Amino acid sequence: MIFTLIGDVYVEGELIEEKTAAKLSNGDTLTIKNTDKKAQVLFVSSKTLNEDIAWAGPIVMNTEEELRTAFDDLRNGTFIKEEIEFDA
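Note that the structure is a prediction, hence the values are computed from the model and not measured.

J.: I'm lost on the pattern of salt bridges in this one. Help?
T.: Pairs may arise between side chains of opposite charge once their charged atoms sit close together. Scanning the entire structure with this criterion turns up two salt bridges. A salt bridge links R75 to D72; the nearest nitrogen and oxygen atoms lie 2.5 Å apart. A residue pair is termed a helical-turn pair when its members lie 3 or 4 positions apart in one helix, as R75 and D72 do in helix α1 (residues 64-76) at three residues. Its salt-bridge partner being D73, residue K81 comes within 3.0 Å of it at the nearest N-O pair. Residue classification places K81 among the exposed positions, given a relative accessible area of 63%.

J.: How do you make sense of α1 when you look at a structure like this?
T.: For α1, built from 13 residues, the straight-helix expectation of 18 Å at 1.5 Å per residue is met to within 8% by its first-to-last C-alpha distance of 18 Å. Within the sequence span of α1, burial applies to L67, A70 and D73. Looking straight down α1, one finds its buried side chains confined to an arc of 125 degrees; they lie on one side. Facing away from the buried surface of α1 by more than 90 degrees, the exposed residues are E64, E65, R68, R75 and N76. Buried positions along α1 lie against β7 (54-56) and β8 (59-61).

The rules we used
Residues numbered from 1 in each chain as written. Predicted model: local features only at pLDDT ≥ 70, side-chain atom pairs only at ≥ 80, totals over all residues. Heavy atoms only, no water. Salt bridge = Lys/Arg side-chain N within 4 Å of Asp/Glu carboxyl O. Helix = DSSP H or I, 4+ residues; strand = E, 2+ residues; numbered from the N terminus. Buried < 20%, exposed > 50% of the residue type's maximum accessible area, 1.4 Å probe, protein only. Expected span 1.5 Å × (residues − 1). Arc of directions from axis to C-beta. Contact = heavy atoms within 4.5 Å.

See below:
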């Protein structure tokens, strides 16, 4: 998928406007071109997992039970399991 953060882009010749998500089909190549203005896109690619999906708001899990646990963790302040350190 791609999400246009700033500006409009052409994906395989089709115009995708700013602040728009577009689901892409399977393939080995992709052509993304900006218009006459600067653009910034988020490109996400992954393998198909073929797993059940349970979705509610900002959280995606595999089961309704996992969703309930995740929302309980969010309310209790325990949703983030480990801290990641990085250099600024």
